[in-house]
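Given next are the chains, with one letter for each unit.
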Amino acid sequence: MDADILVVGAGIHGAAVAHAAARDGYRVRVVEQYARPAEGTSSRSSKLIHGGLRYLESGQLRLVRECLREQRALLRERPALVKLVPFYLPVYRHTSRPAWKIAVGLWLYRLLGGHRFRRIPAREWATLDGLDTRELRAVFRYFDAQTDDRALTAAVLADARALGAVVAFDTRLEGIECNAARCRVYCHGPAGTEVLTAACVVNAAGPWVNRVLARVTPRPAMREIELVQGTHIIVPGALTRGIYYLEAPQDRRAVFAMPWKGRTLIGTTETPYQGDPAEVHPLAEEQAYLLAVYNRYFQRGLEQADIEDAFAGLRVLPAGEGSAFSRPRETILHRDDTVPRVLSIYGGKLTSHAHTARQVMKRLAPVLTRG
Ligand SMILES: Cc1cc2nc3c(=O)[nH]c(=O)nc-3n(C[C@H](O)[C@H](O)[C@H](O)COP(=O)(O)OP(=O)(O)OC[C@H]3O[C@@H](n4cnc5c(N)ncnc54)[C@H](O)[C@@H]3O)c2cc1C
């Protein structure tokens, strides 16, 4: 057998599973279709390591507590890459949540493991990066963490490699055939097609998850999913105080404006996506939407031509009713009993990658045999 575990994808989940498995002493191989880690969703996120304050409104307390616990661990274990940052949450006459409701939410967030918060006195509002103070009722400051998603993924993968995981870039998974004893995995890389054998396969292909499952024989059942595109734009000028948590006037969604490498990163959107995940790209209307939110609160009158860069990533959400914004964001580990040697990761968060990897290892225990 070439490996105990073959991982498809070198995004944050593939890297985290490779790390957890190598740490547990398993022989691990990772195949990634692109030339470096994090070329998929894991470099196109909002770059927040957060509990998800807004998930409190939909009652996802377990998710919030789990993410806050993972955030504390990452702040401790990867201090160079994960940093605590102040978040400013302004309340206006026209925004939908009153100040008391936000204060209650922040108390609950604190109780679930979040950091301290306070109400910023009106005399300090003028120091908030030019935030519009007309009809401003209150501003809350709390703390969450920010990272560089690509660098974090590369660091986790480097740790996996240091523990013996073998990573093949520019190598595309073409097919998987499983029987009761093992899986044969067909990959196409720079040296042509290679056939590997592994005790099990972890499908960490992000938005490609069902495309990978469709290449498994015998064909396992798949989860029905929707891909939802999230775009970010980058505009000139850095925010000096921290991250601003804004309410989009158009549809009341949360939009963040963040300092990012000397500029301002603004995101995100939720646009249903069909098609090849490799071809996702920011749409003009998404960029206009984000610019309008930013201009509404910072009055800078920026135009489309001021956008220096933009990128889009794909969320993997369970198919269902209602807006993407209100859909559950729990990570799903999926295995069909007809092919118990293949485990797929649907959805997930940068924040909880290590927790997800630990769960994957638990689920794989019955089919793993040490080499
Ligand atoms: C817009 C947006 C904002 C987000 N913001 C946050 C945030 O602020 N905080 C947070 O915690 N989470 C956030 N998330 C969630 C988080 O970014 C994702 O859950 C995470 O990055 C998914 O990682 P992944 O490894 O599952 O997928 P990906 O990063 O997409 O990795 C999958 C990999 O599999 C590879 N692959 C696919 N098919 C094959 C094949 N056949 N052969 C070989 N390789 C293959 C791909 O090339 C890719 O590299 C956000 C998500 C989106 C979309």
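Here the structure is a predicted model, which is why all the values come from computation and not from measurement.

Participant: Would you take a moment to explain the overall build of the protein for this structure?
Facilitator: Across its full length, the protein holds seven helices and 19 strands. Computed over its C-alpha atoms, the radius of gyration of the protein comes to 21 Å, within 12% of the 21 Å expected for a compact globule of 371 residues. Principal-axis analysis of the C-alpha atoms gives the protein an extent of 70 × 40 × 40 Å. Within the protein, residue pairs in contact and separated by at least 24 positions form 73% of the contacts whose partners lie at least 6 positions apart.

Participant: Just to check I follow, could you spell out the nonpolar core for this structure?
Facilitator: If you look at soluble globular proteins, the nonpolar side chains tend to sit buried side by side. One finds Ile5, Val7, Val17, Ala18, Val28, Cys200 and Val201 to be the most contacted residues of the largest nonpolar core, which totals 63 residues. The element best represented in this core is helix α1 (residues 12-23), accounting for eight residues. What Ala18 contacts, discounting residues up to four positions off in sequence, is Val7, Val28, Val30, Leu157, Ala160 and Ala165. The next biggest cluster of nonpolar side chains, apart from the first, holds 35 residues, and it includes Tyr88, Val91, Tyr109 and Tyr297.

Participant: What is the right way to look at the packing of α1 against helix α4 (residues 149-162) in this model?
Facilitator: When two helices pack together, their arrangement is given by the angle between the helix axes and the distance between those axes. At their nearest, the axes of α1 and α4 sit 8 Å apart, and the two run at 25 degrees to each other. In this view, α1 runs roughly parallel relative to α4, as classed from their interaxial angle. Of the two possible hands of crossing, α1 and α4 adopt the one that is left-handed. Contact with α1, carried on its side by Ile12, Ala15, Ala16, Ala18, His19 and Ala22, involves Leu152, Thr153, Val156, Leu157, Asp159 and Ala160 of α4 and no other residues of that element.

Participant: So what exactly am I meant to see when it comes to the domain arrangement of the protein here?
Facilitator: Accessible area lost upon the coming together of the parts serves often as the stated size of an interface. Annotation of the protein at the domain level lists domain 1 (3-42 + 150-224 + 329-367), domain 2 (52-146) and domain 3 (225-318). The straight-line distance from the C-alpha centre of domain 1 to that of domain 2 is 34 Å. Taken together, the contact pairs 10 residues of domain 1 with 10 residues of domain 2. Those elements that place two or more of their residues in the side of domain 1 that touches domain 2 are α4 and α7 (353-364). A per-class count over the side of domain 1 that touches domain 2 returns four nonpolar, three polar and three charged.

Participant: Got a minute to help me understand α1 in this structure?
Facilitator: Along an α-helix, residues three or four apart share an orientation, since each turn contains 3.6 residues. A rise of 1.5 Å per residue sets the reference length of α1, with its 12 residues, at 16 Å; its end C-alpha atoms lie 16 Å apart and thus fit the reference within 8%. Buried within α1 we find Ile12, His13, Gly14, Ala15, Ala16, Val17, Ala18, His19, Ala20, Ala21 and Ala22. Residues of α1 that are buried sit in contact with β1 (3-8), β2 (28-31), α4, β10 (192-203), β19 (342-346) and α7. With its phi angle positive at about 90 degrees, Gly25 sits one or two positions after the end of α1.

Participant: Can you help me understand helix α3 (residues 99-111) in this one?
Facilitator: For α3, built from 13 residues, the straight-helix expectation of 18 Å at 1.5 Å per residue is met to within 8% by its first-to-last C-alpha distance of 18 Å. Along α3, the positions that sit buried rather than exposed are Ile102, Leu106 and Tyr109. Down the axis of α3, the sector holding all buried residues measures 55 degrees, keeping them to one side. Facing away from the buried side of α3, by more than 90 degrees, are the exposed residues Trp100, Lys101, Trp107 and Leu111. Here the buried face of α3 lies against β4 (82-92), β5 (117-119) and β6 (136-147). Downstream of α3 by a residue or two, Gly113 has a phi angle that is positive, lying close to 120 degrees.

Participant: Before we go on, may I ask you to explain the site of the ligand in this structure?
Facilitator: The environment of the ligand is made up of 37 residues, and the closest members are Gly9, Gly11, Gly40, Gly206 and Gly230. Among the elements of the structure, α1, β8 (172-178) and β17 (309-318) are those that each provide at least two residues to the shell around the ligand. Class assignment of the residues belonging to the shell around the ligand gives a composition of 15 nonpolar, 16 polar and six charged. Counting the residues that make up the shell around the ligand, at least three belong to each of domain 1 (3-42 + 150-224 + 329-367) and domain 3 (225-318).

Here is what the cut-offs are and how they apply
Residues numbered from 1 in each chain as written. Predicted model: local features only at pLDDT ≥ 70, side-chain atom pairs only at ≥ 80, totals over all residues. Helix = DSSP H or I, 4+ residues; strand = E, 2+ residues; numbered from the N terminus. Rg over C-alpha atoms; globule rule 2.2 N^0.38 Å. Contact = placed C-beta atoms within 7 Å. Core = buried A, V, L, I, M, F, W, Y, C linked by C-beta atoms within 7 Å. Buried ≥ 20, exposed ≤ 12 C-beta atoms within 10 Å, placed from the backbone. Axes fitted to C-alpha atoms, helices over the stretch in contact; angles between N-to-C directions. Parallel < 35°, antiparallel > 145°, perpendicular 65-115°, else oblique. Left-handed = near helix turned anticlockwise from the far one by under 90°. Domains from an automatic or database assignment. Nonpolar A, V, L, I, M, F, W, Y, C, P; charged D, E, K, R; others polar. Expected span 1.5 Å × (residues − 1). Arc of directions from axis to C-beta. Near = placed C-beta within 6 Å.

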